[in-house]
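Chain by chain, the residues:
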Amino acid sequence: MVEYFVIPAVQIVVVFLAVSVMVAYMTYLERKVVAFMQARLGPMRVGYWGLLQPIADAVKLMIKEDIIPAGADKLIFTLGPVITLIPAFAVFSVIPFSGSQFSVFGYKVHLYITDVNVGILFILALSSIGVLGIILGGWSSNSKYPLLGSLRSAAQMVSYEVAMGFSVVSVLLYTHTLSMVQIVEAQKNMGWWFAVIQPIGFIIYLICGVAETNRAPFDLPEAESELVAGFHTEYSGFRFALYFLAEYANMILISSIAVTLFWGGWLAPFPNVKALAFLQVIPGLIWFLLKVYFFLYLYIWLRATLPRFRYDQLMRVGWKFLIPVAMANVILTAVLRLYLK
Amino acid sequence: MFNQYFQPNDILIIYPELLLALFAMGVMIIDLFLDRAWKVLNAFTALVGIAYAAYALYRLKSNALNLSGYNHAILNDSFAIYFQFVFLIATALVILISARYLSIEGENRGDYYALILLSLIGMNFMVMGIDLITLYIALELMAVSEYILVGYLRTNRQSNEAAMKFFLLGAFSSGILLYGISLLYGISGSTDLRVIAQRLAERPSHDPIALVAVVTLTAGLLFKIGGVPFHQWLPDAYEGAPSTITTFISVAPKAASFALILRIFIVGLKPLETSWVPVLSVVCVLTMTLGNITAISQSNIKRLLAYSSIAHAGYLLLGLIAGNEYGITGIAIYFLVYAFMNIGIWTLVVAMRRKDLIGDQIQDMAGMIYKNPGAAVLMLVFLLSLAGIPPTAGFIGKYYLFASVIQTHHYVLAVIAVLNAAISLYYYFRVVVVMFMSEKTDEEKMTLSPGVLTSLAVTLVFTLLIGIYPEPFIRFAQNSLSLFQ
Amino acid sequence: MMTFDQILFYALAVIAVLSAIMVITRRNPVHSALFLITTLFCVAGIYLQLHAEFLAAVQVIVYVGGIMVLFLFVIMLVNLETLSQERRFNRQWHIAILVSVVLLVEFGTIIWRGKAALQLPANQPLMDTLTTNNSEQLGVVLYQQYMLPFEIASFLLLVAIIGAVILAKRRLSSDGK
């Protein structure tokens, strides 16, 4: 009973809270980093160096007036953000934060909620649901900018999902498993992170990851200069906050997958080099978070640096460059794996 | 690379299909480099592909007979080889008549031939398959190509409508078929037809689940051959489709579906014979009668031939109901004959398509004897053959089918079938009367391209030859008896 | 007393069937699409109960993440105002329901009366479930035992692509080449 219900329940609550806090402070981090890159200070008023800013923002969003536009499909309008948010959080149930386990009251507890044998597929499946919420939200607003934004976003996400899937497959060819934990274990056994073995796959994953989360330079669905705010133009208050939460949770998720698949998850750098064994003193969870924050920093860095793609460029990059390269990479890897065994 | 599931022989067995696939893609690529005036080369490429495939098939007949491949997914027996030859002949004739027709319609592109070749691959696997999954996928490959080909004239509303009806009903019937297949798999734990037959024999007779499986399977399969009450799509699809495609789907896919039915019923469902023979008998009578009676009142030649085609499906079911050597030979020879006489008559319909004139009304044929006497006589021969009058080939086919049910003592069926053949004479001769007795209404002559002429010559020669000297063709058709092994 | 598994199964099955009915009765196509998604989810849930995790995940990826998104995409591009005004059924629906009910009752009684013969053979597990996982088993079956159908399916997809291009492409005013 305890093993099947209580422990998972506690784990879920902990992960949920942790991700929520990470999301909240991600906004803070983003504003600060971008500010520093532009030689500004960013939020400074609320709390020491503006550290309480996210909380203030959250309170503001909660107590703001909740507007449902006239002529909107009310049911779907309310469902939209929820459909996007739930999968964004649910996928964290299979992310292996660390391989170590410890015992509480005699029960063994892992640092991840569960390890299912189709882990990476489970993640891809759930994250593909998120786009439904975006389309529905954009459509139900009964307004043209959200509709255009949601159509763009659907086309973009569906297109880049393909290349992303292929880049994931190139890793799976080495692991012989879909389980997230075992993918990390495989990197431990090989002694290399897959980013070293699969550089092309890694780069494609990174590009697609940014596109999947609708972030700069692929943030066309919410391109301010063309579409006001994209699919969530008509959303306000709490519902807007849900979309916002989902977007940032997805960034953390994409970073976590990148770390698990390509950067050795909780492993220390160069796990096979004896001279660097001292790095393993630092617990796996810390390594994991460090790597995740590196990727999150990369997201912000990209946003502060790169201009936005044009829509036809975006589609061309996706279909005519990324997908063929990703496919070629998979085929090449498969052939090499077969004949160089 | 090779293991128990994949052996060097396996590639050998599917060699004709590999060639066809190669040429299907070749046609599409070559098409890109062709100017409009040279589009006829596409048809040529496709024909070369078919010739190569036929040669490969001929080699297979001596090299790899009765070899099963891909872990018993397909079996290269002489039944399969015979039907593949029929498909190749029919497809080659259709390609011959297509080039000119397509350029009149302004849709002369390479993908048309590619789709025909791809559906040919599907049909080949349908007759080779002895595994339900292979059979189903092959059937879908054939069907999906057909749906697209029927709607090939994008700017023609009728063509679009036909494709839509065909597609919706076809998808629905595939669903029913799959339900039956899944029940069979549930009962037997295998998708191999021979294992299924074994397991079915072990089960109690009048097993309810087996019965449901048979009924759903039958419903799904009858749709593909247009058996009553699953025939409604057929006249619409035949009428709306480009005439060349109607020619194609009235012969090759129908033969493929019949071969598939034979394989499933004679090999897989043999133990349940007592449950499917009565069902099929009823369907057979309904199909023959309804097809013939409805054909009487048609004024459009395409629709008339569509209903006649339904009636022919009914005659063909006789062979399956008999289920003996005579019946199977009958079905096999009938399709060979049907390929020639039906393509012959449809070629004439295609040739009536002139600029600004669709030419699919029976009235458009008025006075044909004065305008194109040769064509009128040819039409007469093909109509006689369809009606089954000696000395044309149609007689041989009907003879075998009717004799088979008499052998198995289904006298009522035989009587109804003969009566139906008499009804069919009436509406076939209505066309003849219009051609020979009416005054001509316009001066437009038929478009007789070299391809059409070749096709007409071949079909005419064989329609008469099989009727006059049938022995070698019957021996050829008896290849299909390997089904019983 | 039903086990937890049974309760879960019946819940999923009932929701799946009910939403399937809703799919065909809703006037608004977007609502229909949403109910279809619900049905597909419930089916994925039933796959999970059968320990077909791979199938469940693929069901969600392909249907919900791929096909339904494109469905919604198309629905939004066509004119919804006129679409929701149109009747969802033609005049034959009375007969259709009658036939469906008769068929259902027929199949139901046949299976019910013959349930003594409902002994399905015990399917041998294809492989040792302890040493290999579900995805691996599926891979082995798909790429070895059913390799040929799998390859034919690739032709099927090719045909579908050609078809989509043919039907969707506009006729060019001067396709000289």
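Our subject is the structure listed above.
Not measured: the values here are computed from a predicted model. (Residues numbered from 1 in each chain as written. Chains lettered and ligands numbered in written order. Predicted model: local features only at pLDDT ≥ 70, side-chain atom pairs only at ≥ 80, totals over all residues.)

Caption draft 1: Broad picture of the overall build of chain A. When helices and strands are counted, chain A shows 12 helices and two strands. Traced from its N-terminal end to its C-terminal end, chain A shows the element sequence α-α-α-β-β-α-α-α-α-α-α-α-α-α. What you see for chain A is a C-alpha radius of gyration of 21 Å, in line with the 20 Å of a compact globule of 341 residues. In terms of overall dimensions, chain A has C-alpha extents of about 60 × 50 × 50 Å along its principal axes. When the 341 residues of chain A are sorted by exposure, 45% land in the buried category. Contacts in chain A between residues at least 24 apart in sequence constitute 78% of all its contacts with a sequence separation of at least 6. (Helix = DSSP H or I, 4+ residues; strand = E, 2+ residues; numbered from the N terminus. Rg over C-alpha atoms; globule rule 2.2 N^0.38 Å. Buried ≥ 20, exposed ≤ 12 C-beta atoms within 10 Å, placed from the backbone. Contact = placed C-beta atoms within 7 Å.)

Caption draft 2: Looking closely at the overall build of chain B. From N to C terminus, chain B includes 20 helices and two strands. For 485 residues, the compact-globule formula gives about 23 Å, and the C-alpha radius of gyration of chain B, at 22 Å, lands near that figure. When the backbone C-alpha atoms are referred to their principal axes, chain B occupies close to 70 × 55 × 40 Å. Each of the 485 residues in chain B was classed as buried or not, and the buried ones make up 59%. Here the analysis covers contacts within chain B between residues at least 6 apart in sequence; of these, 80% occur between residues at least 24 apart.

Caption draft 3: Focus on the interface of chain C and chain B. Listed per partner, the contact involves 30 residues of chain C and 40 residues of chain B. Those elements that place two or more of their residues in the side of chain C that touches chain B are α5 (93-113), α6 (134-145) and α7 (147-168) of chain C. Here the side of chain C that touches chain B takes 14 residues from α7(C), the largest share from any one element. By residue class, the composition of the side of chain C that touches chain B is 21 nonpolar, six polar and three charged. (Nonpolar A, V, L, I, M, F, W, Y, C, P; charged D, E, K, R; others polar.)

Caption draft 4: Structural detail: unusual backbone geometry. Residue Pro229(B) follows Val228(B) across a cis peptide bond; omega there is 5 degrees. With respect to the element layout, Pro229(B) can be found in the loop between α9 (208-225) and α10 (233-240). Cis geometry marks the peptide bond from Pro390(B) to Pro391(B), where omega comes out at 10 degrees. With respect to the secondary-structure elements, Pro391(B) resides in the loop between α16 (373-387) and α17 (393-407). Phi is positive for Asn214(A), close to 60 degrees, though the residue is something other than glycine. Topologically, Asn214(A) is positioned in the loop between α8 (199-212) and α9 (224-227). Backbone geometry at Tyr70(B) places phi at a positive 50 degrees, although glycine is not the residue there. Take Tyr70(B): it is sitting in the loop between β1 (67-69) and β2 (74-76).

Caption draft 5: Here's a closer look at helix α14 (residues 325-351) of chain B. Residues and elements named next belong to chain B. With 27 residues, α14 should reach 39 Å at 1.5 Å per residue; the first-to-last C-alpha distance of 39 Å fits that figure. The largest bend along α14 measures about 30 degrees and falls at Tyr-338. Summarising burial for α14: 26 of the 27 residues are buried, a large majority. (Expected span 1.5 Å × (residues − 1). Bend = angle between axes of the 7 residues up to and from the residue.)

Caption draft 6: Representation of the interface of chain A and chain C within the structure. Facing the 19 residues of chain A at the interface are 17 residues of chain C. Listing elements by their share of the side of chain A that touches chain C, those giving two or more residues are α4 (119-140) and α5 (144-175) of chain A. When residues of the side of chain A that touches chain C are assigned to their parent elements, the largest contribution, 10 residues, is made by α4(A). Broken down by class, the residue content of the side of chain A that touches chain C amounts to 17 nonpolar, two polar and no charged.

Caption draft 7: Inspection of the nonpolar core at higher detail. Residues Leu117(B), Met126(B), Leu141(B) and Leu318(B) are the most contacted members of the largest nonpolar core, which totals 197 residues. Examining the composition of this core, we find that 20 residues originate from one element, α14(B), more than from any other. With 115 residues, the next largest nonpolar core counts Leu132(A), Leu178(A), Phe231(A) and Ile61(C) among its residues. (Core = buried A, V, L, I, M, F, W, Y, C linked by C-beta atoms within 7 Å.)

Caption draft 8: Fine view of α5(A). All names here are of chain A. Helix length check: α5 (32 residues) gives 46 Å between terminal C-alpha atoms against 46 Å at 1.5 Å per residue, within 8%. In terms of burial, α5 is largely enclosed, as 23 of its 32 residues are buried. In the stretch just after α5, His-176 is the one whose phi turns positive, near 60 degrees.

Caption draft 9: Geometry of the environment of Phe92(A). Residue and element names in this part refer to chain A. Of note, Phe-92 is situated in the loop between α3 (74-90) and β1 (101-104). Owing to 21 C-beta atoms within 10 Å, Phe-92 belongs among the buried residues under this scheme. Contacts of Phe-92, omitting those with residues within four sequence positions, involve Val-15, Val-19 and Leu-253.

Caption draft 10: Region of the structure containing the packing of α8(A) against helix α12 (residues 311-339) of chain A. Residues and elements named next belong to chain A. Running from N to C, α8 and α12 point in directions that differ by 150 degrees, and their axes come no closer than 10 Å. Here α12 runs roughly antiparallel to α8, going by the angle between their axes. In the packing of α8 onto α12, the handedness of the crossing is left-handed. Here α8 contributes Ile-200, Gly-201, Ile-204, Ile-207 and Cys-208 to the contact with α12, which in turn contributes Leu-322, Val-325, Ala-326 and Asn-329. Tallied by class, residues from the contact of α8 with α12 come to seven nonpolar, two polar and no charged. (Axes fitted to C-alpha atoms, helices over the stretch in contact; angles between N-to-C directions. Parallel < 35°, antiparallel > 145°, perpendicular 65-115°, else oblique. Left-handed = near helix turned anticlockwise from the far one by under 90°.)

Caption draft 11: Representation of the pairing of β1(A) in the model. All names here are of chain A. By the bridge criterion, four bridges tie β1 to strand β2 (residues 107-110) in an arrangement that is antiparallel. Paired with Phe-102 across the bridge in β2 is Val-109. Where β1 folds back onto β2 in an antiparallel hairpin, the turn is made up of two residues, including Phe-105, whose phi is positive at roughly 50 degrees. (Pairing = 2+ DSSP bridges.)

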